[in-house]
Amino acid sequence: MIVGAVVVLPRVEREASRGAKLTAVQRRHAAGDRLHLDPRPFDAFAARLSARRRYAVDVPPGAQGPFITRGAVVRAYAAFYFLPAIQVRRAPLVFRYRFR
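So, how was this worked out
Residues numbered from 1 in each chain as written. Predicted model: local features only at pLDDT ≥ 70, side-chain atom pairs only at ≥ 80, totals over all residues. Heavy atoms only, no water. Helix = DSSP H or I, 4+ residues; strand = E, 2+ residues; numbered from the N terminus. Contact = heavy atoms within 4.5 Å. Salt bridge = Lys/Arg side-chain N within 4 Å of Asp/Glu carboxyl O. Buried < 20%, exposed > 50% of the residue type's maximum accessible area, 1.4 Å probe, protein only. Pairing = 2+ DSSP bridges. Axes fitted to C-alpha atoms, helices over the stretch in contact; angles between N-to-C directions. Polar contact = N/O pair within 3.5 Å; in protein donor to acceptor, adjacent residues only side chain to side chain.

(A) Representation of the environment of A78 in the model. One can find A78 in helix α4 (residues 70–81). C-alpha separation for the pair A78 and G32, spaced 46 residues apart in sequence, amounts to 9.6 Å. Those residues in contact with A78, other than ones at most four positions away along the chain, are F42, Y55, V57, Q87 and F95.

(B) Representation of the pattern of salt bridges in the model. Inspection of every chain in the model, using the stated rule, returns 3 salt bridges. Across the pair D58 and R96 runs a salt bridge, and its minimum N-O distance is 3.5 Å. Taken together, the residues span a long stretch of sequence, with D58 in strand β1 (residues 54–58) and R96 in strand β3 (residues 94–96) at a distance of 38 residues. Residue class for D58 comes out partly exposed when judged on its relative accessible area of 28%. Take R96: its relative accessible area is 53%, and that puts it in the exposed class. For the salt bridge of D58 with R98, the shortest nitrogen-to-oxygen distance reads 2.9 Å. One end of the pair, D58, is in strand β1; the other, R98, is in the segment after β3, with 40 residues separating them in the sequence. Counted as one network, the salt bridges with shared partners bring together D58, R96 and R98.

(C) The sheet that holds strand β2 (residues 86–87), seen in detail. A sheet is described by the order of its strands in space; here 3 strands give the open sequence β2-β1-β3, paired in parallel fashion. Two strands in the sheet have a free side with no partner beyond their single neighbour: β2 and β3. As paired strands, β1 and β3 are joined by 3 bridges and run parallel to one another. The residue of β3 that forms the bridge with V57 is F95. Seen against the sheet, α4 touches β1, β2 and β3 and runs at an angle of roughly 155 degrees to β1.

(D) Seen up close, the environment of R40. Structurally, the position occupied by R40 is in helix α3 (residues 39–46). Given the relative accessible area of 60%, R40 is considered exposed. The spacing of R40 and H29 is 11 residues in sequence and 9.8 Å in space, taken between C-alpha atoms. At a separation of 2.9 Å, a polar atom in the side chain of R40 contacts the side chain of D38.

Take a look at the structure:
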């Protein structure tokens, strides 16, 4: 999961926004759009976070992709999207995501 959050997702976001004339909101959602994730739950939860705040993620496994499940993709994307907050296994503050 760490590799996905540190290497893969930033690369996806860079590629999605490279050379494009995107607004700040479009740039912020570019990687999630490419991953077909609904941005609304991410934006709503991010508004509740502060730097270094610990949070957990509750997401079903979802479909198995070529390498990982959709749930693992959401966990990795959340770790990236909610920076500088810190994702942990258990916390009082929980991000819940359900697939469309």
